[in-house]
Structures are given as C-alpha cells and as structure tokens.
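Listed below, chain by chain, are the residues.
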Amino acid sequence: MGLSTTRNDPTQYDRLAGEWWKPRGAFAALHWLARARADLVPAPSGPRSTLVDLGCGGGLLTGHVEGYRHVGVDLSAPSLRQAARRGVLAVRADAAALPLRDGVADVVVAGEILEHVADLPAVVDEIARVLRPAGVLVFDTINDTLWSRVSLVVVGERMPGGPPPLIHDPALFVRPERLAELLARHGFRIRVRGLRPSLRDYVGFLLGRRDSVRMLPTRSLTSVYQGVGRKAS
Ligand SMILES: C[S@@+](CC[C@H](N)C(=O)[O-])C[C@H]1O[C@@H](n2cnc3c(N)ncnc32)[C@H](O)[C@@H]1O
C-alpha cells in the first residue's frame, strides 16, 4: 500500500489500523481523548440503551464506557475490525449518510471526526436524525485557529504522541460557533470547554515513565474542545 501525500486521506486509517491499540502508537493522543470524552457520556438508562460512535476508528471508547449497545460507524474496514474485536457492532458507512433508523440512538458520540468530514452540515443533520428525542450528543473536535495549525499540524505532527503526519487538513477544522449554529437548527443547545494535555503527564510520557496523559479541562477553546448537547424532547 503506497503512502498518502494528501492531507485527510481516509485511507490513512486503513494503513495505520494496527496502531489503534498501542498506547504509545500513532494514535496515542486518541487514547487520552477517549478517556476525557467518556466523562461526558451519561450512564445508560436501560439494558437496551444504544450509543452510536461516529468515526469510531479502532473502538478506543470501549475501554471507557460500559452498559451500552455500542454501534460504531466508520469508513475504514480494517479499523472497524479492531473495534469489532472489542465488542463494537461495526457499521461501515459515511457519517454523512448513516444506514441507521431515525431516533435509534440514546447517545451519539462524535470524537475527533467532525474535523475530518467534507460536509459538516450533512453530518450534523444525520446526528440529529438518528438521536432520539432528549438524546445526548457528546463530541470533541479541533477549533479553526492559528494555534491549532501550529500546535497540532506544524509542530504537533513532529512530536511524540502528536497526530500522525498529514492526518489533518486544517481547512476542515471547526469553529465552535459554526458547530453551535448548525446544531441549533435542530434545536440543540451545547456546552463546550477546551481540553489541554497535563504538562506534567506529557513530560512523563516523553521520558517513558507513563503511557497515558490526562486531558484537562480549560476555558480556552483555541485548540481541542469538547462538548455536550441534548436534543429537544
Ligand atoms: C481521528 S479518528 C478518531 C477515531 C475515534 N473516534 C477515536 O477518537 O479514537 C477519525 C475516524 O473517523 C473516520 N472517518 C473520517 N471521515 C469519516 C466519514 N465521513 N464517515 C465515517 N467515518 C469517518 C476515520 O476512518 C477515523 O477512524
């Protein structure tokens, strides 16, 4: 398989699928983010509660949430195979055209996918369609700022634990105001907060003393931010 030279080429995830579950591998920071994301996921309301994990990748969220029927949607078949091994019900599909029925999900999680999609309004429409009334959306993504470009692309792609080279196209980064506006069209009100790695943990990671880095909440939305919203009942 040839190496991609195009930013945000979806086949990169096929090539890197063997990295998903390596704590110090190409997707190390996604392990840290999955933990922070799970903090926003409500407890399941019943034994058949369904969580739809958009762009589930290798299923890293499975290590952090329990009790849901966990449906994972992704374009990458090799990544979905990794997720299926961890109990995810794998669905190969585009997040902009979900083969799922209206209102099937109690919770939709969109972790680090919104900054990868070409048609964000279509993905938001699909999130709103598959969530049941009063269902919860949990998301994290990357703000469209100069700081994101520097910290996550120019410098970040060269740092241990940083994103794999070429994985991001900064032109697709998502301003929180735009996301809020798209979701408001479907009656969602969202709350957002920034996330930053613990400096102390990251130094420990660099020194090989720890594999995991805590992502701490911050008021600054200049780079990675996470949020939660509820669909109107
Ligand atoms: C940065 S990874 C995040 C994976 C996972 N959510 C996590 O945080 O560990 C982005 C994932 O989104 C998937 N993806 C990108 N565009 C997609 C689309 N339009 N529809 C479905 N999946 C998509 C990729 O294949 C990849 O697995």
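Look up a bit, the structure's there.
Keep in mind it's a predicted model, so treat the numbers as computed, not measured. (Residues numbered from 1 in each chain as written. Predicted model: local features only at pLDDT ≥ 70, side-chain atom pairs only at ≥ 80, totals over all residues. Heavy atoms only, no water.)

**A closer look at the overall build of the protein chain**
So the rule is basically this: Numbering of helices and strands runs from the N terminus, with a helix taken as a DSSP run of H or I at least four residues long and a strand as a DSSP run of E at least two residues long. Our radius of gyration looks at C-alpha atoms and nothing else; its globule reference is 2.2 Å times the residue count to the power 0.38. When checking whether two residues touch, look at their non-hydrogen atoms; a contact exists if any pair is within 4.5 Å. Surface exposure here means Shrake-Rupley accessible area, sampled with a 1.4 Å probe, where a residue is shielded only by the protein chains that are shown. In this tally Asp and Glu are treated as negative and Lys and Arg as positive; neither His nor the chain ends contributes. Every charge is mapped to an atom, namely NZ of Lys, CZ of Arg, CG of Asp or CD of Glu.
For the protein chain, the count of helices and strands is seven helices and eight strands. Relative to a compact globule of 233 residues, whose C-alpha radius of gyration would be 17 Å, the protein chain shows 17 Å and is just as compact. Structurally, the protein chain occupies a C-alpha span of about 45 × 35 × 35 Å along its principal axes. If you take every contact in the protein chain between residues at least 6 apart in sequence, the share linking residues at least 24 apart comes to 70%. Summing over all exposed atoms, the protein chain offers an accessible surface of approximately 11,100 Å²; the carbon and sulfur share of this is 54%. Positive and negative side-chain charges in the protein chain, numbering 31 and 23 respectively, have mean positions lying 6 Å apart.

**As for the packing of aromatic side chains**
Filter applied, for reference: Paired rings are identified among Phe, Tyr and Trp, the last through its six-membered ring, by centres lying within 6.5 Å, and are further divided according to the angle between planes into stacked (under 30 degrees), edge-to-face (over 60) and tilted (the rest). Exposure classes here rest on a 1.4 Å probe applied to the protein chains alone. A residue is buried below 20% of its type maximum, exposed above 50%, and partly exposed in between.
Counted under the stated rule, the structure contains seven aromatic pairs. Summarising the aromatic geometry, the rings of tyrosine 13 and phenylalanine 27 are spaced 6.0 Å apart at their centres and angled 10° between planes, so their arrangement reads as stacked. Placement of tyrosine 13 in helix 1 (residues 12-15) and of phenylalanine 27 in the loop between helix 1 and helix 2 (28-38) is noted, with a sequence separation of 14 residues between them. Phenylalanine 27 shares its class with tyrosine 13; the two are buried.

**Looking at the site of the ligand**
Let me state the cut-off plainly: Working definition: residue near molecule or strand if any one of its non-hydrogen atoms lies within 4 Å of it. In protein, a polar contact requires one atom able to donate a hydrogen and another able to accept it; more generally it is a pair of N or O atoms within 3.5 Å, and residues adjacent in sequence count only if both atoms are side-chain atoms.
Lining the immediate surroundings of the ligand are 19 residues, of which Gly55, Asp74, Asp94, Ala95 and Gly111 lie closest. Between a nitrogen atom of the ligand and a main-chain N or O atom of glycine 55, the distance comes to 2.6 Å. Taking alanine 95, its main chain carries an N or O atom lying 2.9 Å from a nitrogen atom of the ligand. The protein chains hide 95% of the 600 Å² of surface that the ligand would expose on its own.

**Side note on the side chain of glutamine 226**
Turning to its location among the elements, glutamine 226 is positioned in strand 8 (residues 224-230). Within polar-contact distance, the side chain of glutamine 226 engages the backbone oxygen of alanine 36 at 3.3 Å. Among the polar contacts listed, one links the side chain of glutamine 226 to the side chain of arginine 193, at a separation of 2.8 Å. Excluding residues within four positions of it along the chain, glutamine 226 makes contact with Ala36, Arg37, Leu40, Phe139, Asp140, Arg191, Val192, Arg193 and Leu195.

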